[in-house]
Amino acid sequence: MWNTSRPAKTAEWLCTRCGVTNRRLVEPAATTAKDRCVSCRQRHLIRIDDSPVRWQAEAA
Ligand SMILES: [Zn+2]
């Protein structure tokens, strides 16, 4: 389970390859992260945007 002393936030991003919505838990102060699409397994670099929830993604 998640350690409640280190709360995480959810980064939501759209796969640039197949369009699927992915979600990843990141640390509260994180502004970038690496993730892999749950559907097509494409690696992405995700970056926080104006919205704290919907992040921008680019294939990596
Ligand atoms: Zn995908």
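The structure we're discussing is the one just above.
Predicted model only: the values in this text are computed from it and were never measured.

Some words on the sheet that holds strand β5 (residues 56-59)
The sheet built from three strands is open, its strands ordered β3-β4-β5 with antiparallel pairing. Edge positions in the open sheet fall to β3 (32-36) and β5, since each of these has one partner strand only. Within this sheet the neighbouring strands show an average axis-to-axis angle of 30°, counted without direction.

Section: the pattern of salt bridges
The full count for this structure, using the stated rule, is four salt bridges. Between E12 and R23 there is a salt bridge whose closest N-O contact spans 3.3 Å. With E12 in strand β1 (residues 9-14) and R23 in strand β2 (residues 21-26), the pair connects residues that are eleven residues apart, well separated along the chain. Its relative accessible area of 57% is what places R23 among the exposed residues. Notably, a salt bridge pairs E12 with R54, separated by 2.8 Å at the nearest N-O pair.

Concerning a positive patch on the surface
Together, K34, R36, R41 and R43 line one region of the surface with positive charge. Position of R43 relative to the elements: it lies in strand β4 (residues 43-47).

Some points on the side chain of H44
Mapped onto the elements, H44 comes out in strand β4. At a separation of 3.0 Å, a polar atom in the side chain of H44 contacts the side chain of T16. Of the polar contacts made by the side chain of H44, one reaches the backbone oxygen of Q42; its length is 3.1 Å. Residues contacting H44, with those up to four places away along its chain left out, are W13, C15, T16, R17, A33, K34, D35, A57, E58, A59 and A60.

What counts and how
Residues numbered from 1 in each chain as written. Predicted model: local features only at pLDDT ≥ 70, side-chain atom pairs only at ≥ 80, totals over all residues. Heavy atoms only, no water. Pairing = 2+ DSSP bridges. Helix = DSSP H or I, 4+ residues; strand = E, 2+ residues; numbered from the N terminus. Axes fitted to C-alpha atoms, helices over the stretch in contact; angles between N-to-C directions. Salt bridge = Lys/Arg side-chain N within 4 Å of Asp/Glu carboxyl O. Buried < 20%, exposed > 50% of the residue type's maximum accessible area, 1.4 Å probe, protein only. Patch = residues over 30% accessible without salt bridge, like charges linked within 9 Å, V, L, I, M, F, W, Y side chains within 5 Å. Areas by Shrake-Rupley, 256 points an atom, 1.4 Å probe, with all protein chains shown as cover. Lys, Arg positive; Asp, Glu negative; His and termini not counted. Charge placed at Lys NZ, Arg CZ, Asp CG, Glu CD. Polar contact = N/O pair within 3.5 Å; in protein donor to acceptor, adjacent residues only side chain to side chain. Contact = heavy atoms within 4.5 Å.

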